[in-house]
Amino acid sequence: MIRFAVVGTNWITERFIDAAHESGKLTLTAVYSRKLEQAQAFGANYHVNAFFDSLEAMAQSDAIDAVYIASPNALHYSQALLFLSHKKHVICEKPMVSNLREAEKLVACARENQVVLFEAFKSAHLPNFLALRQALPKIGRLRKAYINYCQYSSRYPRYLAGENPNTFNPQFSNGSIMDIGYYCLASAVALFGAPKSVIASACLLDTGVDALGTACLNYGDFDVTISHSKVSNSDIPSEIQGEDGTLVIEKISECQNVALTPRGGHRQDLTQPQHINTMLYEAQVFADLVEKRQVEHPGLENSLIIANLLTEIRRQTGVVFPADGE
């Protein structure tokens, strides 16, 4: 069993722990929180007896082999770097870093210490996403794709009321492209690789982060349009168009349904059964990489491509984070 710790005591951490245990390959052995009593309260539900309010102490602990990081985006880099430096495997919530410079340093550190670094982008490992990828040849020469994820944030009313929630605060490396938009961008990279160029636009809030935006990725003979928003809802699915047919995906982050319509033919349902906790699949992939000590894996290159695109999109749209100046 791979003994893992968690940094972050929120709902997404709970879901990952459940998924990790469901995999049968990972077991929670330690919990970190800035307040020790909070770590103890969280860990009590999982019969954990190793608690830390010091990241340095946890990184040095012999009680863990790996760590799951689910802290605010701006903290991912420094925390991941610490654990990698202490030869702990790291699975870090998306986005893994604030910019390309940080991504390059983390990848270099993982390679130097021969440990696994894994960005927790669950969508790419879902059965329906794999079915989507396998179906791509059926639609012939790719021409256009529209990847859409727009969801009104539950924290937006707080922002409108004059508060400054983390979701819309540049101090935490947040905003639409770093959250909702990430799913669209990372899905494009997982399916098509690095584009030749990107053109982006966005609507910024007074805090300086993007509320919504659009990015067009050019792949030469086809393009991918990404639409994202944290201040409006959309019921439109994502779509990939080829000369011989079309693929439609409901809710790209979860890949709830996938359908193929051949040109001139009838719609075919390609949807596969998926576990109710869709984090199970990323937990299984991470565990497999750790068991094999497979430091080099395709996810590393994808993470670098995504970080590069996020950095460029923010440059074009004028979104600047404190982490960019460090």
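Since the structure is predicted, the reported quantities are computational estimates derived from the model, not experimental observations.

Some words on unusual backbone geometry
- The residue after Lys94, namely Pro95, is reached through a cis peptide bond having omega -15°.
- With respect to the helices and strands, the residue Pro95 is situated in the loop between strand S5 (89-93) and helix H5 (100-113).
- Positive phi outside glycine occurs at His47, with the angle close to 60°.
- Mapping His47 onto the fold places it in the loop between helix H2 (36-43) and strand S3 (51-52).

Considerations on the pairing of strand S7 (residues 142-150)
- Pairing of S7 with strand S11 (residues 238-242) involves four bridges; the strand directions are antiparallel. For Ala145, the partnering residue across the bridge sits in S11 and is Ile240.

Examining the packing of helix H4 (residues 73-85) against H5
- Running from N to C, H4 and H5 cross one another at 10°; their axes reach a closest spacing of 9 Å. Between H4 and H5, the angle is such that the two are roughly parallel. Facing Tyr77, Ala80, Leu81, Leu84 and Ser85 of H4, the residues of H5 in contact are Glu102, Lys105, Leu106, Cys109, Ala110 and Asn113.
- Taken together, the residues of the contact of H4 with H5 break down into seven nonpolar, two polar and two charged.

Some points on the state of the cysteines
- Taken as a whole and judged by the stated rule, the model has zero disulfides.
- With no disulfide of its own, Cys92 has Cys109 as its nearest cysteine by sulfur position, at a separation of 13 Å.

Description of the sheet that holds strand S2 (residues 26-32)
- Pairing in this open sheet of six strands is parallel, and the strands run S3-S2-S1-S4-S5-S6 from one edge to the other. Single-partner strands in this sheet number two, and they are S3 and strand S6 (117-120).
- Relative to S6, S5 is paired through four bridges, and the arrangement is parallel. Each residue of the ladder has a partner; that of Cys92, found in S6, is Glu119.

Brief notes about the side chain of Lys230
- Along the chain, the position of Lys230 falls in the loop between strand S10 (223-229) and S11.
- By relative accessible area, which is 6% here, Lys230 ends up buried.
- Among the polar contacts listed, one links the side chain of Lys230 to the side chain of Asp179, at a separation of 2.7 Å.
- Among all residues touching Lys230, those that are not within four sequence positions of it are Gln151, Tyr152, Ser153, Tyr156, Thr167, Phe168, Gly175, Ser176, Asp179, Ile180 and Ala211.

Overview of the packing of helix H1 (residues 11-23) against helix H9 (residues 280-292)
- Running from amino to carboxyl end, H1 crosses H9 at an angle of 55°, the nearest separation of the two axes being 8 Å. In terms of their interaxial angle, H1 and H9 are classed as oblique. The interaxial crossing formed by H1 with H9 has right-handed handedness. In contact with Phe16, Ala19, Ala20, Glu22 and Ser23 of H1, H9 contributes Leu280, Glu282, Ala283 and Gln284.
- Looking at the contact of H1 with H9 residue by residue, the classes come out as five nonpolar, two polar and two charged.

Topic: the nonpolar core
- Counting residues in each nonpolar core, the largest one holds 56 residues, and the members touching the most others are Phe192, Val224, Ile240 and Leu247.
- Examining the composition of this core, we find that eleven residues originate from one element, helix H8 (residues 180-192), more than from any other.
- With sequence-adjacent residues up to four places away left out, Ile240 is seen in contact with Leu132, Leu136, Ile139, Leu142, Lys144, Ala145, Leu191, Phe192, Gly245, Thr246, Leu247 and Ile249.

Remarks on H9
- Between its first and last C-alpha atoms H9 spans 18 Å; for 13 residues at 1.5 Å apiece the expected length is 18 Å, and the two agree.
- Taken together, the buried positions of H9 are Leu280, Tyr281, Glu282, Ala283, Phe286, Ala287, Leu289 and Val290.

Describing the sheet that holds strand S9 (residues 210-218)
- Across the sheet, which stays open at both edges, the eight strands sit in the order S8-S9-S10-S7-S11-S12-S13-S14 with mixed pairing between neighbours. Of all the strands in the sheet, just strand S8 (197-204) and strand S14 (268-269) have a single pairing partner and so form its edges.
- Looking at chain direction, S9 and S10 are connected through seven bridges and run antiparallel. Within S10, the position partnered with Gly213 by the bridge is His228.
- Contacting S8 and S9, helix H10 (residues 298-317) runs over the sheet at an angle of about 55° to S8.

A look at the environment of Ile199
- Here Ile199 is to be found in strand S8.
- Taking the relative accessible area as the measure of exposure, Ile199 reaches 62% and is therefore exposed.
- The spatial distance from the C-alpha of Ile199 to the C-alpha of Gly265 is 34 Å, given a sequence separation of 66 residues.
- Discounting residues that sit within four places of it in the chain, Ile199 has contacts with Thr214, Ala215, Cys216 and Gln316.

Description of the pattern of salt bridges
- Scanning all chains against the criterion turns up 14 salt bridges.
- Measuring nitrogen to oxygen at the nearest pair gives 2.7 Å for the salt bridge that ties Glu296 to Arg111. Taken together, the residues Glu296 in the loop between H9 and H10 and Arg111 in helix H5 connect sequence positions 185 residues apart.
- Residue class for Glu296 comes out partly exposed when judged on its relative accessible area of 45%.
- Beyond isolated ion pairs, a larger network of salt bridges with shared partners links Lys25, Asp288 and Glu291.

Cut-offs applied
Residues numbered from 1 in each chain as written. Predicted model: local features only at pLDDT ≥ 70, side-chain atom pairs only at ≥ 80, totals over all residues. Heavy atoms only, no water. Helix = DSSP H or I, 4+ residues; strand = E, 2+ residues; numbered from the N terminus. Pairing = 2+ DSSP bridges. Axes fitted to C-alpha atoms, helices over the stretch in contact; angles between N-to-C directions. Parallel < 35°, antiparallel > 145°, perpendicular 65-115°, else oblique. Contact = heavy atoms within 4.5 Å. Nonpolar A, V, L, I, M, F, W, Y, C, P; charged D, E, K, R; others polar. Disulfide = S-S within 2.5 Å. Buried < 20%, exposed > 50% of the residue type's maximum accessible area, 1.4 Å probe, protein only. Polar contact = N/O pair within 3.5 Å; in protein donor to acceptor, adjacent residues only side chain to side chain. Left-handed = near helix turned anticlockwise from the far one by under 90°. Core = buried A, V, L, I, M, F, W, Y, C linked by side-chain atoms within 4.5 Å. Expected span 1.5 Å × (residues − 1). Salt bridge = Lys/Arg side-chain N within 4 Å of Asp/Glu carboxyl O.

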